[in-house]
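Notes for the structure review
Residue-level listing of the chains:
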Amino acid sequence: MSSTEVRAGRLGRGHGLARAAQVALTMWLVLTLNFLLPRLMPGDPLAELDNPQGLPTPLSPEARERIRSYYGLERPLGEQYRAYLTGLARGDLGWSLSYNAPVARVLAGRLRWTLALVGVATALYLALGVVLGAASAWRRGALLDRALLVGSAVSGSVPAFFLALLLILLLGVRLRWLPLGGAQSVALLGAPWPRRAADIARHMVLPVLALVLTNVGDVAYVARNALAQVLGEGFITVARAKGLPERALLWRHALPNALLPVVSLAALRLGAVVMGAMLVEVAFAYPGMGQAIYQASMARDYPLLQGAFLVTMLTTMGANLLADALYGALDPRLRGGR
Amino acid sequence: MLLALWRACWGDGLARVGLLLLALALCAALLAPWLAPHPSRTMFDPLSPPSAAHPLGTNDLGYDLLSELLAGARTSLTLATAAALSSTLLGTVLGTVAAYHRRLGWALLRVVDVFLSVPRLALMVLVAAFVRPGMGTLLGFFVLFGWPSVARIVYARALAEGQSEYIEATQAVGASGRRIVWRHLLPATVPLAFTRFIAEMQHVIVAEAGLSFMGLGDPTTQSWGMTLSHAMRYPALLISPVWRWWALPPGLAITLVCLALTLLQLGLDRLTDPRLAAMNR
């Protein structure tokens, strides 16, 4: 992602209320698309239910009836739509074919794994990116700066799930340092919490590493350019003339002013990071939303797929709105809706 | 203008490396039918290690992997170029027109905003799960979701250009709106549009690989993403050396082409953003 894009992304953000209204409109469109897609498909979306070969697991007649009544295809479209929306408002996401359980219950256990993965990875790649970018901007043109530039280009070019495979092969299979996949060891489920926490953390290292390595380059690049620009401004020269130590100059005066583009970039990237996390989850068999979507699509479990999609989408858009609010709070020029 | 673009790419050391890498990939794609050791999709002994007859071995179906890789270059680069070119052209024209015609522009920008606030890859996953797209549908998807980001960035640039004094002067001597859009605003947006074109290509290559990996591509296409995801689904991949000639080459091919495009972008960034060039001097 280039610095021009980051700036253009910022241009595109209006002030709070208009932005919230726009996100609400988008969410409604997404919900409606989610409703229409299975119904626009040629034929009966539930035709698979009656086909004994269509599903990997046979369904009981009651489960089949439950799915039929959830979709309610024999009713008029408007009524189906109303039922869909009221169902969503009550947290009813439908019935999963492959799990034979409510979609909401299947997904409830999974969202936290994805949130943990994306949260930890985001915090780490932002922090690391800013530090690397600062080091790079401070020694502009030096060997470190050039190496980081090439490194950041490579970092943004490796597909996350390919890097995941390489990490599994190197750190998991070859060196046997870390587990190959999953989120925790079954053997430790009943263990006291410090051991379980350590186990969960160990399982998280590789997926987080894959996400951090593929995202840190962009942040470092944007942070470097923002910082280099700030360092060239008048107030830095004044601060230097006052005799402030260089270290204070960089961390106290220049860096806070260079963080805005980084926040903006983080918001812009969020969708890509979530998508990267989905692929990484599949590569590591990590039990999050991405793996749910993958399994659902393999098993043609459309209700589960749609539920997982909706939860992912709404969470991402909500987080994006939050990042926007943070941006507004950080930039004094945007305060007061000017 | 084109000359300036070329100079920006060739003049910058890193961008030059990118250009050469890209040229290599393009040659491989163009000459694929002649370079490939075997006709596409012929079956040999499955899972044979690299040999003189099969420099990259064969996969579990007995396809020669070097031939697959070359055919994949063709598919992946064609799809990426076609999708990126279409969305860039569409986005550039719409963005420029939006900057000139205020009312039309307002409406267009609201549409753009809606598109941009949807995480587009997630949406593609949902649609792909229902539609199971072939190459044509995939191309349509990428254009549908690609043009808004081009339009947004081109709009901002054209708007700034439209406020400059020479446009006012052109209007004063009686140039038509159409002439101003096509002769002045549009050309001014070319470097930025080109940067977006490269970013879109990169996005398409990675997204196609990602969709394939999620099991949502067309299993019969020969693309890098499909070869890679097919390899990654092979149960014994981790415990046998086959990953070295099955998964590694397409993965590296994707990485290298994306790297080439990123390096080009770094060079272009300095052209479109003179402040960057000044900082690095």
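Here is a short report on the structure shown in this document. It should be emphasised that the depicted structure is a prediction, and the values quoted were computed from it without experimental measurement.

1. Examining the overall build of chain A
Check the secondary structure of chain A and you find 13 helices and two strands. Looking at chain A as a whole, 50% of its 338 residues qualify as buried. Counting contacts in chain A only where the partners sit at least 6 residues apart, residues at least 24 apart contribute 73% of the total. Accessible area of chain A: about 15700 Å², with a carbon and sulfur share of 65%.

2. Some words on the interface of chain B and chain A
Contact residues are listed per partner, giving 56 residues for chain B and 59 residues for chain A. Across the chain B/chain A interface, buried area totals approximately 5000 Å², and carbon plus sulfur atoms make up 75% of it. Our enumeration of links across chain B and chain A arrives at zero salt bridges. Run the count over chain B and chain A and you get four residue pairs in polar contact (both at pLDDT 80 or more). Counting only elements with at least two residues in the side of chain B that touches chain A, the list comes to helix 5 (102–117), helix 6 (120–131), helix 7 (135–162), helix 10 (190–213), helix 11 (224–232), helix 12 (243–246), helix 13 (248–272) and helix 14 (274–280) of chain B. In terms of residue count, helix 13 of chain B provides more of the side of chain B that touches chain A than any other element does, 14 residues in total. Residue composition of the side of chain B that touches chain A, grouped by class: 35 nonpolar, eleven polar and ten charged.

3. Describing the layout of surface pockets
Think of a ball as big as a water molecule: rolled over the atoms, this probe shows where empty space is left. All names here are of chain A. Approximately 470 Å³ is the volume attributed to the second largest pocket. Val118, Thr122, Ala266, Leu270 and Ala319 are the residues nearest the centre of the second largest pocket, which is lined by 25 residues in total. Those elements giving two or more residues to the lining of the second largest pocket turn out to be helix 6 (103–138), helix 11 (246–284) and helix 13 (302–330). Of all the elements, helix 6 adds the most residues to the lining of the second largest pocket, at nine residues. Split by residue class, the lining of the second largest pocket holds 19 nonpolar, six polar and no charged.

4. So, the side chain of Gln222 of chain B
Residue and element names in this part refer to chain B. Checked against the element boundaries, Gln222 lands in the loop between helix 10 and helix 11. Given a relative accessible area of 17%, Gln222 falls into the buried group. Here the side chain of Gln222 touches Glu68 through a polar contact of 2.9 Å, side chain to side chain. If near-sequence neighbours (up to four positions away) are discounted, Gln222 is found in contact with Ser40, Arg41, Glu68, Ala71, Gly72 and Thr75.

5. Considerations on helix 10 of chain B
Residues and elements named next belong to chain B. A rise of 1.5 Å per residue sets the reference length of helix 10, with its 24 residues, at 34 Å; its end C-alpha atoms lie 34 Å apart and thus fit the reference within 8%. Buried residues dominate helix 10, accounting for 21 of its 24 residues. Looking at the residues trailing helix 10, positive phi occurs at Gly215, about 80°.

6. A look at the packing of aromatic side chains
Within the structure shown, the criterion is met by ten aromatic pairs over all chains. Chaining the aromatic ring pairs together yields one cluster made of Phe35, Tyr81 and Tyr84 of chain A. Here the basic side chain of Arg110 of chain B rests over the ring of Trp106 of chain B, its NZ or CZ set 5.1 Å away from the ring centre.

7. A look at the nonpolar core
Where a protein is soluble and globular, its nonpolar side chains tend to be buried together. Residues and elements named next belong to chain A. Counting residues in hydrophobic clusters, the biggest one holds 141 residues, and the most contacted among them are Leu107 and Leu227. Built from parts of two domains, this core gets at least three residues from each of domain 1 (3–89) and domain 2 (110–336). Residues contacting Leu227, with those up to four places away along its chain left out, are Ala134, Ala137, Leu250, Ala254, Leu255 and Ala258.

8. Thoughts on a nonpolar patch on the surface
On the surface, Leu30, Leu31, Trp34 and Leu35 of chain B cluster together into a nonpolar patch covering about 490 Å² of accessible area. Position of Leu30 of chain B relative to the elements: it lies in helix 2 (residues 13–30).

Definitions and limits used
By convention here, each chain's residues receive numbers from 1 onward along its written sequence. Written order decides the labels, with chains lettered from A and ligands numbered from 1. Where local features are concerned, this predicted model is filtered to residues with pLDDT of at least 70; where side-chain atom pairs are given and counted, the filter is 80 or more; whole-chain, interface and lining totals use all residues. The side-chain values count all of the structure's non-hydrogen atoms but skip hydrogen atoms and water molecules. Comment: elements are numbered from the N terminus, with helices defined as DSSP H or I runs of at least four residues and strands as E runs of at least two. For every residue, the accessible area (1.4 Å probe, protein chains only) is compared with the maximum for its type, and the residue is labelled buried under 20%, exposed over 50%, or partly exposed between those bounds. In what follows, residue pairs with any heavy atoms lying within 4.5 Å of each other are defined as contacts. Calculation of accessible area relied on Shrake-Rupley with a 1.4 Å probe; when residues are assessed, cover is drawn exclusively from the protein chains displayed. Buried area: the accessible area, evaluated with a 1.4 Å probe, that two parts lose upon being put together, summed over both parts. Salt-bridge detection follows one rule: a side-chain nitrogen of Lys or Arg within 4 Å of a carboxyl oxygen of Asp or Glu. In the analysis that follows, any N or O atom pair within 3.5 Å is treated as a polar contact, provided that within protein one partner can donate a hydrogen and the other can accept it, and provided that, for residues neighboring in sequence, both atoms belong to side chains. Amino acids are sorted into nonpolar (Ala, Val, Leu, Ile, Met, Phe, Trp, Tyr, Cys and Pro), charged (Asp, Glu, Lys and Arg) and polar (every other residue, Gly among them). In this analysis, the protein atoms alone were mapped onto a 1 Å grid. Cavities are point sets where a 1.4 Å probe fits without being able to get out; pockets are open sets with protein on both sides within 12 Å along at least five of seven lines; lining residues have an atom within 4 Å of a point. Grid points are joined across faces, edges and corners, and a volume is the space filled by probe spheres set on the points. What a helix should span is 1.5 Å times the count of its residues minus one. What counts as a ring pair is set by centres within 6.5 Å for rings of Phe, Tyr and Trp (its six-membered ring), and what kind of pair is set by the plane angle: stacked under 30 degrees, edge-to-face over 60, tilted for all other angles. Charge over a ring is defined by NZ of Lys or CZ of Arg lying within 6 Å of the ring centre and within 35 degrees of the ring normal. Grouping buried Ala, Val, Leu, Ile, Met, Phe, Trp, Tyr and Cys residues that are joined through side-chain atoms within 4.5 Å yields what is termed a nonpolar core. Throughout the structure description, domain borders are defined by an automatic or database domain assignment. Residues forming no salt bridge and having over 30% relative accessible area are the ones grouped into patches, like charges within 9 Å of each other and nonpolar side chains (Val, Leu, Ile, Met, Phe, Trp, Tyr) within 5 Å.

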